[in-house]
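Remarks on the overall topology
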Amino acid sequence: MFWVLFLLVAWAAAGISCARLCIAAVEAARPAPEGASRKGQLSLYEAAFLAGGPHRVTELTLVSMHRGRRLLLARTGWATVVDPEGEDDLERSVIGAIGPAGQARIAAVRAAASAADAVRALADRLVSAGLAVPDAARSGVAAAVRAVQGATALTVALAAAALLMLPQEPGARAPILAWFALPLLLTLGCLAIARIEVHPYTRWASPDGQRLLGTLSPGDTLTAVAVRGVGALDDPDLRAALASRRMAHRSH
């Protein structure tokens, strides 16, 4: 009956990790304080952050500057400054990321501008308004999901070890598998629910932010880029210019 100890360990890991994920999901979905949530229309920069985070904001800024002929984005992956006077803090952060030479790789510009103070200030405003999920809450959900995944792997490993310890008798394995199937179903079910319910909150927008995003109709190019990313562009040269960035940050 030594396998019972393995079963208890599997149940403990499954129960603790699933409880942790539930708590993290509740924290991520916590409504904004009374009066903090905003009801007005989102700006394009705000929509971009809620839909895709700092990288999407810089993506939108690059496209906007290119369309306004303040920046040239070549399909070879280079950005060239045309007008060194940015129209807002985000455009000035992009120009600063390019540097005094006036030309730099788009991937490097995007990475530097995404970490600039202007993007952090935008994120702080959205978090304060209850529209964006704080970094701590998003990190908590991601860590909790990894814990449940680890508990799933542990349950499978303990079940295999328990079976190896059993005598080779007919019918001895089925009850053991049935008992270990219960914590395994718990963790797999928790992951499946998290994939449906928790996944949006691990991104950027809070429930209130998701609702405001849903009111946007991506009719023009910049709105489409803010909501859906550069895949919404109908200009193949511009998509090619930004393609190197998407490959570099695919794992983000």
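These figures come from a predicted structure and were not determined experimentally.

All right, on to the packing of helix H3 (residues 89–98) against helix H4 (residues 106–114) then. Running from amino to carboxyl end, H3 crosses H4 at an angle of 130°, the nearest separation of the two axes being 8 Å. On the basis of their axis angle, the class for H3 and H4 is oblique. Between H3 and H4 lies a crossing whose hand is right-handed. Judged by residue contacts, Ser93, Val94, Ala97 and Ile98 of H3 engage Val109, Ala112 and Ala113 from H4. Of the residues belonging to the contact of H3 with H4, the class tally is six nonpolar, one polar and no charged.

Ordered by their spatial adjacency, three strands build an open sheet running E1-E2-E3, and the pairing between neighbours is antiparallel. Bordering the open sheet on either side are strand E1 (71–73) and strand E3 (103–105), each of which pairs with just one other strand. Strand-to-strand twist in this sheet, taken as the mean axis angle between neighbours without regard to direction, amounts to 20°. Pairing of E1 with strand E2 (residues 78–81) involves three bridges; the strand directions are antiparallel. Of the residues in E2, the one forming a bridge with Leu73 is Ala79. Relative to the sheet, H4 contacts E1, E2 and E3, its axis offset from that of E3 by approximately 90°.

The next subject is the nonpolar core. Within the largest apolar cluster, 44 residues are counted, with the highest numbers of intra-cluster contacts made by Phe49, Leu50 and Leu73. Looking at which element gives the most residues to this core, the answer is helix H2 (residues 44–67), with 10 residues. With sequence-adjacent residues up to four places away left out, Phe49 is seen in contact with Pro54, Val57, Leu122, Ala123, Leu126, Ala132 and Trp204. Counting residues in each nonpolar core, the second largest holds 12 residues, with Ala28, Val141, Leu191 and Ala194 among its members.

Overall, the coordinates contain eight salt bridges when judged by the stated rule. For Glu59, the salt bridge is made with Arg56, and the minimal N-O distance between the two is 3.3 Å. On the criterion of helical spacing, the pair formed by Glu59 and Arg56 is a turn pair, its members being three residues apart in helix H2. The exposure classification of Glu59 matches that of Arg56, with both residues buried. Here Asp237 and Arg75 are joined by a salt bridge, their closest N and O atoms 2.3 Å apart. Taken together, the positions of Asp237 in helix H10 (residues 236–248) and Arg75 in the loop between E1 and E2 put the pair 162 residues apart, joining distant regions of the chain. Taken together, the shared-partner salt bridges in this structure form one network comprising Arg70, Glu87 and Glu91.

Turning our eyes to something else, we now look at the confidence of the model for the chain. Confidence along the chain averages 87 in pLDDT terms, with 88% of residues attaining 70 or more. Low pLDDT (under 50) marks residues 245–252, which in the prediction has 12 contacts with non-local residues, meaning those over four places away or in another chain.

Mapped onto the secondary structure, Gly99 falls in the loop between H3 and E3. Overall, Gly99 belongs to the partly exposed group, its relative accessible area being 23%. Each C-alpha atom, one on Gly99 and one on Val109, is 9.0 Å from the other, the two residues being 10 residues apart in sequence.

Calculation criteria
Residues numbered from 1 in each chain as written. Predicted model: local features only at pLDDT ≥ 70, side-chain atom pairs only at ≥ 80, totals over all residues. Heavy atoms only, no water. Axes fitted to C-alpha atoms, helices over the stretch in contact; angles between N-to-C directions. Helix = DSSP H or I, 4+ residues; strand = E, 2+ residues; numbered from the N terminus. Parallel < 35°, antiparallel > 145°, perpendicular 65-115°, else oblique. Left-handed = near helix turned anticlockwise from the far one by under 90°. Contact = heavy atoms within 4.5 Å. Nonpolar A, V, L, I, M, F, W, Y, C, P; charged D, E, K, R; others polar. Pairing = 2+ DSSP bridges. Core = buried A, V, L, I, M, F, W, Y, C linked by side-chain atoms within 4.5 Å. Buried < 20%, exposed > 50% of the residue type's maximum accessible area, 1.4 Å probe, protein only. Salt bridge = Lys/Arg side-chain N within 4 Å of Asp/Glu carboxyl O. pLDDT = per-residue confidence, 0-100.

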